[in-house]
Amino acid sequence: MEEIFERLNGVFRDVFDDDSISVNEETTAEDIEDWDSLNHITLIDAVESEFGMRFTMGEVSGMKNVGEMAQIIKERAK
């Protein structure tokens, strides 16, 4: 899981152009100033590219925080 969060931090920093971002399991859109619906799409696309996978629409709409995103990535990596 630690490696997943390290890679997610890189993606979030790139998408939001902010090197100070550090995500954890509890991080939500409320915690990142520029995380709006448009950036959410860009973020999902960037995460999918980084991990070589695709989220389902249900997964995307059901994610409540970065921890849930990381859990889905972890399950797909098995």
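In this text the structure is predicted, and so the values were computed from the model without any measurement.

Thresholds applied
Residues numbered from 1 in each chain as written. Predicted model: local features only at pLDDT ≥ 70, side-chain atom pairs only at ≥ 80, totals over all residues. Heavy atoms only, no water. Helix = DSSP H or I, 4+ residues; strand = E, 2+ residues; numbered from the N terminus. Expected span 1.5 Å × (residues − 1). Buried < 20%, exposed > 50% of the residue type's maximum accessible area, 1.4 Å probe, protein only. Contact = heavy atoms within 4.5 Å. Polar contact = N/O pair within 3.5 Å; in protein donor to acceptor, adjacent residues only side chain to side chain.

1. A look at helix α2 (residues 37-51)
For α2, which comprises 15 residues, the first-to-last C-alpha distance of 21 Å matches the rise-based estimate of 21 Å (1.5 Å per residue) to within 8%. Taken as a whole, α2 has its buried residues at Asn39, Leu43, Ile44, Val47, Glu48 and Phe51. Residues of α2 that are buried make contact with α1 (2-16), α3 (57-62) and α4 (66-76). Where α2 begins, the side chain of Asp36 points an oxygen toward the backbone nitrogen of Leu38, at a separation of 3.3 Å. Two residues or fewer after α2 comes Gly52, characterised by a positive phi angle close to 60 degrees.

2. With respect to unusual backbone geometry
Not every positive phi belongs to a glycine, and Asp17 is a case in point at roughly 50 degrees. On the secondary structure map, Asp17 appears in the loop between α1 and α2. Taking the relative accessible area as the measure of exposure, Asp17 reaches 72% and is therefore exposed.

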